[in-house]
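What follows is each chain in one-letter form.
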Amino acid sequence: MSSDEVYVAMLRAVNVGGRSVAMKELRGIFEALPARDVSTYVQSGNVVFRADRGDPATVAGAAERLIAAHLGLRVAVIVRTADELARVIGDNPYFRTGADETRLHGTLLATLPEAARVAALAAAAPDSGHDEFQIVGRTVYVHAPDGYGRTKLNNAFFERKLGVVATTRNWRSLTTLSTMARTLRSSV
């Protein structure tokens, strides 16, 4: 059994609102974890890498500390293993409804929210037109037929109501990251 794991790290709110991080710089920070075979995807802070097997929350904490030390930024990092991200893709309830993939988003939660907060969420959700969401474990699946830029079911809403740190990616980004992770895992 290998002691390696493939991880996907997603930084919350980078390269928006003056929180700029160059992807080359980000790769260097992750190599200091130490991580191997580090690659990034688009400018929103997505990193796929191989590292010694460990708890994803511990890996996220180490990355957050290194980003703070090297860049002076306090940035939340959400980490999933390649297998966990593959399950996020496979568990999407909107695939069964035939929803347009360009209107799907995944909000990844740093921790499992309290059951009482999850139960209260539907009643607290703002009227957001045709938009809908479902929570499966540490993922909120959002279907926004009128576009994510128009929905009130956004990252800030879920963080506030669930009381957990989160980051949201469009479905194309999530599936691409999952493919990158799977490819890296098979390239041993």
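Residues numbered from 1 in each chain as written. Predicted model: local features only at pLDDT ≥ 70, side-chain atom pairs only at ≥ 80, totals over all residues. Heavy atoms only, no water.

1. Examining the packing of aromatic side chains
Under the defined criterion, the tally for this structure stands at six aromatic pairs. Seen from their ring centres, F133 and F158 are 5.3 Å apart, and the 70 degrees between their planes marks the pair as edge-to-face. One end of the pair, F133, is in strand β6 (residues 132–136); the other, F158, is in helix α5 (residues 155–162), and 25 residues separate them in sequence. The class for F158 is buried, based on a relative accessible area of 0%. For the pair F157 and F158, a centre-to-centre distance of 5.1 Å together with 70 degrees between the ring planes defines the contact as edge-to-face. Of the two residues, F157 and F158, neither departs from the other in class, the shared state being buried. Here the aromatic cluster, defined as three or more aromatic residues joined through ring pairs, consists of Y7, F30 and F49. (Phe/Tyr/Trp six-rings, centres within 6.5 Å; stacked < 30°, edge-to-face > 60°. Helix = DSSP H or I, 4+ residues; strand = E, 2+ residues; numbered from the N terminus. Buried < 20%, exposed > 50% of the residue type's maximum accessible area, 1.4 Å probe, protein only.)

2. What about the pairing of strand β5 (residues 104–109)?
Taking burial as the measure, the six residues of β5 include six buried ones, the bulk of the element. Neither face of β5 is open: one carries L104, G106 and L108, the other H105, T107 and L109, and all of them are buried. Sheet topology places β5 next to strand β7 (residues 139–143); five bridges connect them, and they run antiparallel. Looking at the pairing, G106 lines up with Y141 of β7. Both β5 and strand β8 (residues 166–170) contribute to a ladder of five bridges, which runs antiparallel. The residue of β8 that forms the bridge with H105 is N170. (Pairing = 2+ DSSP bridges.)

3. Things to note about the sheet that holds β5
The sheet built from four strands is open, its strands ordered β6-β7-β5-β8 with antiparallel pairing. Both outer strands of the open sheet, β6 and β8, are each paired with one neighbouring strand and no more. The average undirected angle you get between the axes of adjacent strands in this sheet is 20 degrees. The strands that helix α6 (residues 171–186) touches are β5, β7 and β8; relative to β8, the one it contacts most, it runs at about 95 degrees. (Axes fitted to C-alpha atoms, helices over the stretch in contact; angles between N-to-C directions. Contact = heavy atoms within 4.5 Å.)

4. Focus on the side chain of D131
Relative to the elements of secondary structure, D131 occurs in the loop between α4 (115–124) and β6. One buried charged residue, D131, remains without a salt bridge, the closest side chain of opposite sign being R103 at 8.6 Å. At 2.6 Å, the side chain of D131 forms a polar contact with the side chain of T151. Discounting residues that sit within four places of it in the chain, D131 has contacts with H143, A144, P145, D146, T151, K152 and L153. (Lys, Arg positive; Asp, Glu negative; His and termini not counted. Salt bridge = Lys/Arg side-chain N within 4 Å of Asp/Glu carboxyl O. Polar contact = N/O pair within 3.5 Å; in protein donor to acceptor, adjacent residues only side chain to side chain.)

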